[in-house]
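# Descriptive analysis of the structure
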Amino acid sequence: MLLCAAQIQPCKGNLSLNIRRHLAFIETAISHQVEYIFFPELSLVGYEPSLCKALALDPHNLELDDFQEISNSHYIIIGLGLPVQNHQDVSIAMAFFQPHFPPKIYIKEYLHPDEEAFFVSGKIHDGFIGNPSTIAFGICYEISREEHIKQVVRQNPHTYMASVAKDAAGVQAANRRLSHIAQTHMFFTGMVNSVGPSEDFKSAGGSAFWNPQGELLGQLTHSSEGLLILDTDTQNCREIPL
């Protein structure tokens, strides 16, 4: 299985530009026969909590149709970070585009205290894609919550993937945590982070994969965009600069 972490620098609040740049990343991934590609937390608009209510999307928005068409035609699963409308409020979510299926939405259940002024917690717990439940997901702060990890472990996934927006200190903590989760529960883990300015901090990249022994297989730099591709059969990890 070929998994890809797409380390991108989103443009603040610019949905149209971010869509075009996501599509370019996906095109490159397809040229390397990637089967799954995942982007950071809120990648379509940038990690900008104070803007997200105005930017919240319906995942069936026509502007996102290109992702579904690419998924259908190239048999690739695409995971994007975005704010979604949740009744009168907004939630942090991942939208998964799978071949010939409607988009699947995973809403962040465990919010960091700093996020509670801007977002509401989700109640959609099914953060799994693939058949059967190949890949499990968490969004940033969730990786630190034992309740979340217990939900993941019950499904016995092949891989656990975290979509995050973290500064340098947060990346270091996530490295330790994801290595520990991999080793403890014996599955692959991965993290995809953004780079560049976010609302009140600088995202510090470091997107990475770990094997089921908790060993680091590969990691991108803390400042440059790129793709990190893992072949889970061989445990070979390679970097594609962008």
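In this text the structure is predicted, and so the values were computed from the model without any measurement. (Residues numbered from 1 in each chain as written. Predicted model: local features only at pLDDT ≥ 70, side-chain atom pairs only at ≥ 80, totals over all residues. Heavy atoms only, no water.)

## With respect to the state of the cysteines
Within this structure, the stated rule accounts for zero disulfides. Unpaired in terms of disulfides, C4 finds its nearest cysteine sulfur in C237, a separation of 9.6 Å. Classification of C4 as buried rests on a relative accessible area of 0%. Its sulfur unpaired, C140 is 13 Å from the next cysteine sulfur, which belongs to C52. (Disulfide = S-S within 2.5 Å. Buried < 20%, exposed > 50% of the residue type's maximum accessible area, 1.4 Å probe, protein only.)

## Concerning the pattern of salt bridges
Across all of its chains, the model carries five salt bridges by this definition. With a shortest N-O distance of 2.9 Å, K108 and E41 are connected by a salt bridge. Residue K108 is found in the loop between β5 (104–107) and β6 (128–129), and its partner E41 is found in the loop between β2 (36–38) and α2 (52–55); the two are separated by 67 residues along the sequence. Taken individually, K108 and E41 each receive the classification buried, so the pair is uniform in this respect. K108 is the salt-bridge partner of E115, the closest N and O atoms lying 3.0 Å from each other. With respect to burial, E115 and K108 carry one shared label: buried. Sharing partners across several salt bridges, the network here consists of E41, K108 and E115. (Salt bridge = Lys/Arg side-chain N within 4 Å of Asp/Glu carboxyl O. Helix = DSSP H or I, 4+ residues; strand = E, 2+ residues; numbered from the N terminus.)

## Section: the packing of helix α4 (residues 146–154) against helix α5 (residues 168–185)
The description of two packed helices rests on the angle between their axes and on the distance between the axes. Packing of α4 against α5 brings their axes to within 12 Å, and their N-to-C directions diverge by 40 degrees. Overall, the two elements α4 and α5 adopt an arrangement that is oblique. Where α4 crosses over α5, the handedness of that crossing is right-handed. On the side of α4, the interface is formed by E146, I149 and V153, while α5 contributes R177, I181 and H185. (Axes fitted to C-alpha atoms, helices over the stretch in contact; angles between N-to-C directions. Parallel < 35°, antiparallel > 145°, perpendicular 65-115°, else oblique. Left-handed = near helix turned anticlockwise from the far one by under 90°. Contact = heavy atoms within 4.5 Å.)

Nothing here speaks to function; it is geometry throughout.
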